[in-house]
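Chain by chain, the residues:
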Amino acid sequence: MGICERMMRVDAPADVVWAWMSDPRNLFRVNMLHAEVVTDETELRAGAVITIDHDFFGFYQQRRQARVREVGPYFVAFGEFKVPDEPGRDPFPHQQSFHVVPVDDHSSIVVNQISGRYVFPGAGLLGERLFRRYMPTLLDDDNQVIAVGCGAMAPSKVRRPAGLLLWPLRAFGARYVKGSPRRQLLDQMRAQRATAGADV
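Residues numbered from 1 in each chain as written. Predicted model: local features only at pLDDT ≥ 70, side-chain atom pairs only at ≥ 80, totals over all residues. Heavy atoms only, no water.

## Considering the sheet that holds strand S2 (residues 34–38)
Pairing between the strands of a sheet is mediated by backbone hydrogen bonds and can be parallel or antiparallel. With antiparallel pairing, 7 strands are arranged side by side in an open sheet as S1-S7-S6-S5-S4-S3-S2. Both edges of this open sheet fall to strand S1 (3–10) and S2, since each of them pairs with a single strand only. Strand-to-strand, the axes of this sheet are offset by a mean angle of 25 degrees, without reference to chain direction. Pairing between strand S3 (residues 49–55) and strand S4 (residues 61–72): 7 bridges, direction antiparallel. By the bridge assignment, Thr51 is partnered in S4 with Gln65. Where helix H1 (residues 14–21) meets the sheet, it contacts S1, S4, strand S5 (75–82), strand S6 (94–104) and strand S7 (107–116), and its direction lies at approximately 150 degrees from that of S6. (Pairing = 2+ DSSP bridges. Helix = DSSP H or I, 4+ residues; strand = E, 2+ residues; numbered from the N terminus. Axes fitted to C-alpha atoms, helices over the stretch in contact; angles between N-to-C directions. Contact = heavy atoms within 4.5 Å.)

## What about the pairing of S3?
Extensive coverage of S3 is indicated by the burial of 6 of its 7 residues. Two strands pair when backbone bridges link them, and S2 and S3 are joined in this way by 4 bridges, in the antiparallel orientation. Residue pairing for S3: Glu36 is matched across the bridge by Asp53. (Buried < 20%, exposed > 50% of the residue type's maximum accessible area, 1.4 Å probe, protein only.)

Here's what the structure looks like:
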């Protein structure tokens, strides 16, 4: 199905961005499809397994695991798959990586790359089209939430992904909409910035 790569320049040095991202309890909260992150890990390390409950737009849930394959300077790569005892098929086995590229003392670039394939009835006909249309939106959102998490961007500047497939169905997933790790993170950073008197 190919590869999707999205980049975002962040107004924070690479050390600051990576310090926040290198905690798996932070990094795996940014994805809008992650309903709950279950891990005792406090730093990224090769071989670590992070359990992630997924909520696909409020109408389908699945427990998945991210296994960290590689960790290097400002870099992490992992594979994500359905847990073996979870019923049903794995709709999107994939590999993902994040790389923070230093620009200068005050900024850096977050490079977010994913590759995988859809596995569902009709994926042969629709999979490539869905991947190319919607994956950039998902990765852009990841990058924006990372920028918020490391303090480089106001939560109010995170754009709601326009036109995302099945977005209205999220209204039926109240726990997901109101209690997802991503939403909690944005609310937490909004409160911190309000306390500090910064733009929220």
